[in-house]
Amino acid sequence: MRQAGRYMSEYRALRERYSLLELCRTPELATEVTLQPVRRLEIDAAILFSDLLLPLEPMGIRFDFIRGEGPAIENPIQTEADIDGLRRFNPRDALAHVLEAIRQIQIELAGRLPLIGFGGAPFTLASYAIEGGHSNNFAKTKALMYGVPAAWHRLCERLADVTADYLTAQIEAGVDAVQVFDSWVGALNARDYREFVLPHTRRIFDVLATSGVPTIHFGVGTGAILPELREAGGDVIGIDWRTPLDDAWERVGTDRAVQGNLDPTLLLGPTDRMFAAADDVLARAAGRPGHIFNLGHGILPSTPVEHVQALARYVHRRT
Ligand code: CP3
């Protein structure tokens, strides 16, 4: 995930001329950025270049990316009226540029690699819409969740519908697999996850079940809720680096595939430590079918690209 980005000089060069949103909204540029890692790295799949927050805008939630600070929402959700005023939209119109990028990328890839599309799970999207940006404790999000549960559930139903429809449109446009990011859901314990999140995330996977493409379900810091993530859905469960892969797989259930889980910080170096940690992940996977080697989260901007190249080569040689 996040295999394109600021650690690549060719990405930084484009970002000097275009904003992140311009890259996302221009199919030719999104295609170019999607292909940058494909050209440089021995990867087994391409991931659509876009951002998780794009569907918020056609709902009426305006945002921008502030350099060095991440996303900033102009009009965060504060009241029940804000939730009831969210707009419905057809992603085939409002996000047509993303779907056009998918078609262009597939022409360029010409079947050499599969393409992964993605969208946000309700908790993570709701947290941005409510907090207005990144949060450490999700205080406003949880205040709505615990304080006005009916409104929380209405919001999550809407977000689940948006993501299910958006991912369906991505599949129609030609992606070969989809990943649902619930990046920040590790902020919840299992009981609250079950009550406030699971039914909504499950709705997305239920809709996708008939699509015929594999689905991946990922969150960070989810060691305490892996069985619940599995229950919500996903052919593959993404694991971060905090839980050893074999323990995590046991908790997910070995009849389900897993993806992970090298700590992205190890890619900063030294490389002997990175290779040893990759060996450890592979040893814990023990050659069992259904393991996708991946990082436990996105690549950091200060990562030397040579280390990413060396890691991908190394894992291919060892498997
Ligand atoms: O690998 C790829 O090519 C796909 C790229 C991708 C981006 N966003 C582009 C991006 C993906 C998969 C995402 C998903 C995304 N966006 C998530 C879920 C994944 C995760 O990391 O858990 C989330 C939470 C977001 C929201 C978001 N977008 C944040 C919090 C930030 C700021 C973080 C930072 O590193 O500055 C972004 C900005 C963003 N989206 C960047 C990229 C490459 C960094 C941007 C830049 O060029 O300024």
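Overview of the structure. Predicted model, so just to flag it, every value in this text is computed and none were measured. (Residues numbered from 1 in each chain as written. Predicted model: local features only at pLDDT ≥ 70, side-chain atom pairs only at ≥ 80, totals over all residues. Heavy atoms only, no water.)

**Observations concerning the site of the ligand**
Point 1. Around the ligand, the surrounding shell holds 21 residues, and the nearest of these are Gln3, Arg6, Tyr11, Arg15 and Ser183.
Point 2. A distance of 2.5 Å is found between an oxygen atom of the ligand and a backbone nitrogen or oxygen belonging to Gln3.
Point 3. Between the ligand and Ser50 there is a distance of 3.5 Å, counted from a nitrogen atom to a backbone nitrogen or oxygen.
Point 4. Isolated, the ligand exposes 870 Å² of accessible area, and the fraction of that covered by the protein chains is 90%.
Point 5. Here the ligand is seated within the largest pocket.
Point 6. Breaking the shell around the ligand down by element, the ones donating at least two residues are helix 1 (9–17) and strand 3 (70–73).
Point 7. A per-class count over the shell around the ligand returns 12 nonpolar, 5 polar and 4 charged. (Near = heavy atom within 4 Å. Polar contact = N/O pair within 3.5 Å; in protein donor to acceptor, adjacent residues only side chain to side chain. Areas by Shrake-Rupley, 256 points an atom, 1.4 Å probe, with all protein chains shown as cover. 1 Å grid on protein atoms, 1.4 Å probe; cavity = no way out; pocket = protein on both sides within 12 Å on 5 of 7 lines; lining within 4 Å. Sits in = over half its atoms within 2 Å of the grid points. Helix = DSSP H or I, 4+ residues; strand = E, 2+ residues; numbered from the N terminus. Nonpolar A, V, L, I, M, F, W, Y, C, P; charged D, E, K, R; others polar.)

**Points about the packing of aromatic side chains**
Point 1. Enumeration over the complete set of coordinates arrives at 8 aromatic pairs.
Point 2. A ring pair is formed by Phe181 and Phe218, whose centres lie 5.9 Å apart and whose planes are at 80°; its orientation type is edge-to-face. On the criterion of sequence distance, the pair formed by Phe181 in strand 5 (residues 177–181) and Phe218 in strand 6 (residues 215–218) is long-range, its members being 37 residues apart.
Point 3. In textbook terms, an aromatic cluster arises when at least three aromatic residues are bridged by ring pairs, as seen for Phe118, Phe181 and Phe218. (Phe/Tyr/Trp six-rings, centres within 6.5 Å; stacked < 30°, edge-to-face > 60°.)

**Structural notes on the environment of His316**
Point 1. Considering the arrangement of structural elements, one finds His316 in helix 15 (residues 305–318).
Point 2. Classification of His316 as partly exposed rests on a relative accessible area of 30%.
Point 3. Separated by 120 residues in the primary sequence, His316 and Phe196 have C-alpha atoms spaced 40 Å apart.
Point 4. Polar contacts involving the side chain of His316 include one to the side chain of Asp44, which spans 2.8 Å. (Buried < 20%, exposed > 50% of the residue type's maximum accessible area, 1.4 Å probe, protein only.)

**A closer look at the side chain of Arg158**
Point 1. By the element assignment, Arg158 lies in helix 10 (residues 149–173).
Point 2. Buried and unpaired, Arg158 has Asp161 as its nearest opposite-charge partner, separated by 5.9 Å.
Point 3. Of the polar contacts made by the side chain of Arg158, one reaches the backbone oxygen of Arg87; its length is 3.4 Å.
Point 4. Apart from residues lying up to four places away in sequence, Arg158 is in contact with Met59, Ile83, Leu86, Arg87 and Arg88. (Lys, Arg positive; Asp, Glu negative; His and termini not counted. Salt bridge = Lys/Arg side-chain N within 4 Å of Asp/Glu carboxyl O. Contact = heavy atoms within 4.5 Å.)

**Some points on the environment of Arg154**
Point 1. Considering the arrangement of structural elements, one finds Arg154 in helix 10.
Point 2. A relative accessible area of 29% places Arg154 in the partly exposed class.
Point 3. Sequence separation between Arg154 and Leu262 is 108 residues, and the spatial gap between their C-alpha atoms is 36 Å.
Point 4. When residues no more than four places from it in sequence are discounted, the contact partners of Arg154 are Glu80, Ile83 and Asp84.

**Some details on the packing of helix 7 (residues 96–109) against helix 10**
Point 1. The interhelical angle for the contact between helix 7 and helix 10, taken along N-to-C directions, is 30°, at an axis separation of 9 Å. On the basis of the axis angle, helix 7 is roughly parallel to helix 10. Considering how the two elements wind past one another, helix 7 and helix 10 form a crossing that is right-handed. Between helix 7, through Val98, Leu99, Ile102 and Arg103, and helix 10, the contact on the second element is made entirely by Tyr166, Ala169, Gln170 and Ala173.
Point 2. Here the residues of the contact of helix 7 with helix 10 sort into 6 nonpolar, 1 polar and 1 charged. (Axes fitted to C-alpha atoms, helices over the stretch in contact; angles between N-to-C directions. Parallel < 35°, antiparallel > 145°, perpendicular 65-115°, else oblique. Left-handed = near helix turned anticlockwise from the far one by under 90°.)

These figures capture arrangement, not role.
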